[in-house]
2 protein chains.
Amino acid sequence: MTETVQINPTPAYRRIATEEAFAPPQMLKMYLDLYESRKLDDPGFDSLWGFYLTSMAPRPAAIREKLADLDAIRIADMDAAGIDHQIISLTSPGVQVFDRETAVSLAQDSNDMLHDAITRHPTRFSGLCAIAPQAPDLAAQELERCVKLGFKGIINNSHTHGEYLSDKKFWPIFEAAEAMDMPIYLHPYTPPKNMIGPMLEAGLDGAIFGFGVETGMHLLRIITSGAFDRFPKLRIIVGHMGEALPYWMYRLDYMHAAGVRAGRYECMKPLQKKVSEYLRENVYITNSGMAWEPAIKFAQQVIGEDRIMYAMDYPYQYTPSEVADLDNMDMSDELKRKFYQGVAEHVFKLTV
Amino acid sequence: MTETVQINPTPAYRRIATEEAFAPPQMLKMYLDLYESRKLDDPGFDSLWGFYLTSMAPRPAAIREKLADLDAIRIADMDAAGIDHQIISLTSPGVQVFDRETAVSLAQDSNDMLHDAITRHPTRFSGLCAIAPQAPDLAAQELERCVKLGFKGIINNSHTHGEYLSDKKFWPIFEAAEAMDMPIYLHPYTPPKNMIGPMLEAGLDGAIFGFGVETGMHLLRIITSGAFDRFPKLRIIVGHMGEALPYWMYRLDYMHAAGVRAGRYECMKPLQKKVSEYLRENVYITNSGMAWEPAIKFAQQVIGEDRIMYAMDYPYQYTPSEVADLDNMDMSDELKRKFYQGVAEHVFKLTV
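Residues numbered from 1 in each chain as written. Chains lettered and ligands numbered in written order. Predicted model: local features only at pLDDT ≥ 70, side-chain atom pairs only at ≥ 80, totals over all residues.

Asker: Tell me about the overall build of chain A, and name the residues and values.
Answerer: Scanning chain A for helices and strands turns up 16 helices and eight strands. Here the C-alpha radius of gyration of chain A, 19 Å, is about what a compact globule of 352 residues would show, namely 20 Å. On the principal axes, the C-alpha backbone points of chain A span a range of 55 × 50 × 45 Å. The buried share of chain A, reckoned over its 352 residues, is 57%. Here the contacts in chain A between residues at least 6 apart in sequence split such that 79% fall between residues at least 24 apart. (Helix = DSSP H or I, 4+ residues; strand = E, 2+ residues; numbered from the N terminus. Rg over C-alpha atoms; globule rule 2.2 N^0.38 Å. Buried ≥ 20, exposed ≤ 12 C-beta atoms within 10 Å, placed from the backbone. Contact = placed C-beta atoms within 7 Å.)

Below is the structure:
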């Protein structure tokens, strides 16, 4: 996991990394209990956290240590990789695998822990607020508390017990997020048990493929549900270069229009705009996990330069050489500054 | 479905469309029986063919008529859209939803029907051979028969009763395809019942999203199974601009290497090459359903100009204006000639 790589120490921009994870040690212990008891009935959880909690291989072992740190280890890693500032969020699936009461309480605790770390390192860290979708009304209350504490947005780790934010019962969260102008980072989780089958069977359920399928589908469900018509100022952030939806954009528009015109699905109603228009007007994208110039430029071209921002995906993809690669993209300094700094400052209203 | 659009009648290339579907009337009748009996236990089939067989909306009604025609209607549509030549294949899921005996027999019948049409219109049509993966050894025999009849490749409509070609029991098909140098077109089908859940619930199981997930995963399963190490000359074609795998390429390489290094999955073994190298060396891509310059250029850039070719997806996406749009891409005539003609002539060894 340690690389020796020369990162430009004085670039023409601040590097703000926007999809960076932490885990309270208490939560990792609860995950271990959940994994060992096998009582969740969520094969994706068992695959994901069974691996990260028990593997002795160097990468998962390093990730366990770094996830739990909000001080010296993290800041040394940031310094070594040239990262000025992290937008930190509770790692996936956060509180979303627990029962309602546990989730509500753990969200508060983890927000408090993150807030304390931000108070210790105000120039290096900002935070996204964890909420319990299991309790949408209380989620709005916790969001209000976190806004007062200076949080910059909301983290949601895809499905909650197989349910999606496209379901209207979760819309109090959208309503609160829009009212407080807090963007929601829609982060991956493994697909639920009624989708993971053939992916898990082939070892493709995690970050290699299943994460993207799950999260791209979740965003597409939100779009096609009409949520952005109901909450036109709602902003959603997705990582991994848009979870492939920018690449699918032409087909999404064509087939959504065809399906609506034919009345194929009761649940698929006409929308005020094309699918691609919501992607361009309500969605922001980070390059977490995709330190790859062709895909970054493609998304800048088809979604917009003011909507694509940097993320490292620390500690899951702590690969400092990727920063050097991105520094060397064939791209104007002005655009690189947007990518590394400007878009994030705007989206999260950063003041430090 | 009918558009008045001016297509350049004398372009600097022949337009060869490579993912064009037909359905024997007999098979559509069998699909209707299967749908009405609900005995398949495949919710994707019921969603897909329930719609196309019973909807009275203009698009599905036109598709029903055009699928069954291999003469005047099809050729008039080709002429109106400036298509010189179609590579025709049995529509999805072809014979793959039936029992073994039915599938073997129906594959032969539909190949004979397609062969007769090609004999009637040799300059306008070529064909891909339908096989029954349910009977891998007989599939190799049917392929041999079809090669003698002049077929140009094999059509496979993704999963067969929830099973994938990554399973070694199907590898006699790969062995025969490699030995006879016949490319396999890996065409979409709806995801199987243990994957379709949250997509079907939201009306996203078909061409809008589920097709791409299913087919991209299928190709990724084939790659990660080591099939291309065992059959290094095997060639697979995928449509829809590569079912998003070109866009995911960086992450596929990174996470496959990380998973193998950590020994996370028993089934995920080291490969001789990176995932991206198989995509660049064993895979060809068509733009079916994606008449969109940015994605075409992206794939040409990251996969290679000699691997990207044209498809209309007739009759599902019979949209002549798309041909005019593609004619007008900001691309050299030489590269457009590769895209519309040269790559297809090479892949399918066309002589007419």
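Asker: Describe the relation of the copies chain B and chain A, with residues and values.
Answerer: Both copies of the chain are related by a screw-like operation: a rotation about an axis and a shift along it. For these two chains of identical sequence, chain B goes onto chain A by a turn of 180° and a shift of 0.0 Å along the axis, with RMSD 0.0 Å. Such a combination of rotation and displacement between the chain copies is what one expects of a two-fold axis. Proximity to the rotation axis, assessed at the C-alpha, singles out Met195(B) in chain B; its C-alpha lies 1.8 Å from the axis. Comparing interface residues between copies, 100% of those in chain B also sit at the interface in chain A, which points to an isologous, same-surface contact. (Least-squares fit on C-alpha atoms with pLDDT ≥ 70 in both.)

Asker: Describe the sheet that holds strand 1 (residues 16-22) of chain B, with residues and values.
Answerer: One open sheet accounts for eight strands, arranged 1-2-3-4-5-6-7-8 (chain B); its pairing is parallel. Bordering the open sheet on either side are strand 1 and strand 8 (308-309) of chain B, each of which pairs with just one other strand. (Pairing = 2+ DSSP bridges.)

Asker: Go over helix 5 (residues 100-120) of chain A with me, naming the residues and quoting the values.
Answerer: Residue and element names in this part refer to chain A. Taking 1.5 Å of rise per residue, 21 residues should cover 30 Å, and helix 5 covers 31 Å from first to last C-alpha, within 8% of that figure. For helix 5, the complete set of buried residues consists of Ala103, Val104, Leu106, Ala107, Ser110, Asn111, Leu114 and Ile118. On its buried side, helix 5 packs onto strand 1 (16-22), helix 1 (25-37), strand 2 (85-90), strand 3 (125-130) and helix 6 (136-149). (Expected span 1.5 Å × (residues − 1).)

Asker: Describe the environment of Ala176(A), naming the residues involved and giving the relevant values.
Answerer: All names here are of chain A. For Ala176, the location among the structural elements is in helix 7 (residues 171-179). Sequence separation between Ala176 and Trp292 is 116 residues; the distance between their C-alpha atoms is 35 Å. In contact with Ala176, not counting residues within four places along its chain, are Ala140 and Leu143.

Asker: Talk me through the pairing of strand 3 (residues 125-130) of chain B; I want residue IDs and the actual numbers.
Answerer: Residues and elements named next belong to chain B. Of all six residues in strand 3, six are buried; the element is thus mostly enclosed. Relative to strand 3, strand 2 (residues 85-90) is paired through three bridges, and the arrangement is parallel. By the bridge assignment, Gln86 is partnered in strand 3 with Phe125. Tracing the backbone out of strand 2, into helix 5 (residues 100-120) and back to the parallel element strand 3 gives a crossover that is right-handed. In this sheet, strand 4 (residues 153-156) lies alongside strand 3 in parallel orientation, the contact comprising three bridges. Its bridge partner being in strand 4, Cys129 is matched across the sheet by Ile154. Handedness of the strand 3-helix 6 (residues 136-149)-strand 4 crossover: right-handed. (Right-handed = clockwise from strand over helix to strand, strands pointing away.)

Asker: Could you give an account of helix 15 (residues 320-327) of chain A, with specific residues and numbers?
Answerer: Residue and element names in this part refer to chain A. Taken together, the buried positions of helix 15 are occupied by Pro320, Glu322, Val323 and Leu326. Viewed along the axis of helix 15, the buried residues span an arc of 150°, placing them on a single side of the element. Buried residues belonging to helix 15 abut helix 4 (72-81). (Arc of directions from axis to C-beta.)

Asker: Run through the pairing of strand 7 (residues 283-286) of chain B, naming residues and quoting values.
Answerer: All names here are of chain B. Covered by surrounding structure in strand 7 are Val283 and Ile285 together with Tyr284 and Thr286, the residues of both alternating faces. For strand 6 (residues 236-238) and strand 7, the ladder comprises three bridges, and the chain directions are parallel. Bridging across to strand 7, Ile237 finds its partner in Tyr284. Where strand 7 and strand 8 come together, two bridges link them in parallel fashion. Considered in strand 8, the bridge of Ile285 is made with Ile308. At this point the chain moves from strand 7, through helix 14 (residues 293-302), to the parallel strand 8, and the crossover so formed is right-handed.

Asker: Break down the packing of helix 14 (residues 293-302) of chain A against helix 14 of chain B for me, citing the residues and quoting the values.
Answerer: The geometry of a pair of packed helices is captured by two quantities: the angle between their axes and the separation between those axes. In the contact formed by helix 14 of chain A and helix 14 of chain B, the axes pass within 11 Å of each other and the chain directions differ by 170°. If you check the angle between helix 14 of chain A and helix 14 of chain B, you find them roughly antiparallel. Facing helix 14 of chain A, whose interface residues are Pro294(A), Phe298(A), Gln301(A) and Val302(A), helix 14 of chain B presents Pro294(B), Phe298(B), Gln301(B) and Val302(B). Taken together, the residues of the contact of helix 14 of chain A with helix 14 of chain B sort by class into six nonpolar, two polar and no charged. (Axes fitted to C-alpha atoms, helices over the stretch in contact; angles between N-to-C directions. Parallel < 35°, antiparallel > 145°, perpendicular 65-115°, else oblique. Nonpolar A, V, L, I, M, F, W, Y, C, P; charged D, E, K, R; others polar.)

Asker: Outline the packing of helix 1 of chain A against helix 2 (residues 43-54) of chain A, supporting the account with residue identities and numerical values.
Answerer: Residue and element names in this part refer to chain A. As a packed pair, helix 1 and helix 2 sit with axes 10 Å apart at the nearest point and diverge in direction by 120°. When the interaxial angle is binned, helix 1 and helix 2 end up oblique. In this structure, helix 1 meets helix 2 at a crossing whose hand is left-handed. Taken together, the residues of helix 2 that come into contact with helix 1 (itself represented by Leu28, Tyr31, Leu32, Leu34 and Tyr35) are Phe45, Asp46, Trp49, Gly50 and Leu53. (Left-handed = near helix turned anticlockwise from the far one by under 90°.)

Asker: Run through the sheet that holds strand 8 (residues 308-309) of chain A, naming residues and quoting values.
Answerer: Working definition: the strands of a sheet are paired by backbone hydrogen bonds and lie parallel or antiparallel to each other. In space, the eight strands of this open sheet follow the order 1-2-3-4-5-6-7-8 (chain A), with parallel pairing throughout. The open sheet has two edge strands with one neighbour each: strand 1 and strand 8 of chain A.

Asker: Tell me about unusual backbone geometry, residues and numbers included.
Answerer: Leaving glycine out, the prevailing phi sign among residues is negative, and the prevailing peptide bond configuration is trans. In this structure, the amide linkage connecting Ser92(A) to the following residue, Pro93(A), adopts the cis form with an omega of 0°. Among the secondary structure elements, Pro93(A) is positioned in the loop between strand 2 and helix 5. Non-glycine residue Ser158(B) carries a positive phi angle of around 50°. When you line up the elements, Ser158(B) lands in the loop between strand 4 and helix 7 (171-179).

Asker: I'd like to hear about the confidence of the model for chain A, residue by residue, with values.
Answerer: Parts of the prediction with low pLDDT should not have their coordinates interpreted in detail. Confidence in the prediction of chain A, expressed as mean pLDDT, is 97, and 99% of residues score 70 or more. Interface confidence for the predicted complex, expressed as ipTM, amounts to 0.97; the pTM equals 0.98. (pLDDT = per-residue confidence, 0-100.)

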